[in-house]
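Here's the letter readout for the chains.
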Amino acid sequence: MNFRRKIYSITQQIPYGRVVSYGQLALLAGNPRAARAVGYAMRQAPHGLPCHRVVHQDGSTTDAFDIGSRNFQRQMLEAEGVEFTPDGRVKMEDYRWDGEGCQVVQE
């Protein structure tokens, strides 16, 4: 299975109300130094994939979701119950998914 498909497979498994960082997703997919590749894959992800659950390592969100509405990623995460710090970052210590139960589907 190619790296991008692994990323999408794992992203699909991120539980509601949880987040992962780009680097963590790269690690789960077997390439811990590919956080930028994960970001690129998220920009081209298929419709319906919960890409909003992937954030920066420090819990900050991306403006890639802000097409038509500012802070759209944050709004989507808050709708799932994810809390943010006063400076606008996800409380990673409370909402980071550790990948437990993650299975990369092989083709």
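For the structure, see preceding data.
Rules used in this analysis
- Residues numbered from 1 in each chain as written.
- Predicted model: local features only at pLDDT ≥ 70, side-chain atom pairs only at ≥ 80, totals over all residues.
- Heavy atoms only, no water.
- 1 Å grid on protein atoms, 1.4 Å probe; cavity = no way out; pocket = protein on both sides within 12 Å on 5 of 7 lines; lining within 4 Å.
- Points joined across faces, edges and corners; volume = space filled by probe spheres on them.
- Nonpolar A, V, L, I, M, F, W, Y, C, P; charged D, E, K, R; others polar.
- Buried < 20%, exposed > 50% of the residue type's maximum accessible area, 1.4 Å probe, protein only.
- Helix = DSSP H or I, 4+ residues; strand = E, 2+ residues; numbered from the N terminus.
- Contact = heavy atoms within 4.5 Å.
- Polar contact = N/O pair within 3.5 Å; in protein donor to acceptor, adjacent residues only side chain to side chain.
- Core = buried A, V, L, I, M, F, W, Y, C linked by side-chain atoms within 4.5 Å.

S.K.: Can you walk me through the layout of surface pockets in this structure?
M.R.: Take a probe with the size of a water molecule and roll it over the atoms, and the empty space left behind shows itself. What the largest pocket holds in volume is close to 470 Å³. What lines the largest pocket is a set of 18 residues, among which M42, R43, C51, A64 and F65 lie closest to the centre. Tallied by class, residues from the lining of the largest pocket come to 11 nonpolar, five polar and two charged.

S.K.: What should I look at first to understand helix α1 (residues 3–12) in this one?
M.R.: Within the sequence span of α1, burial applies to I7, Y8, S9, I10 and T11. For α1, the secondary structure elements touched by its buried residues are α2 (22–28), α3 (35–43) and β2 (54–55). Among the residues of α1, the N-terminal cap falls to N2, whose side-chain oxygen and the backbone nitrogen of R4 are separated by 3.2 Å.

S.K.: I would appreciate a short explanation of the nonpolar core in the present structure.
M.R.: Soluble globular proteins tend to pack their nonpolar side chains together in the buried interior. Core analysis: the biggest nonpolar cluster contains 17 residues, and I7, Y8, V20, L25, V38, M42 and V54 have the highest contact counts within it. Within the residue set of this core, elements represented by two or more residues are α1, α2 and α3. Judged by nonpolar contacts, the second largest core, of eight residues, contains V19, V82, M92 and Y95.

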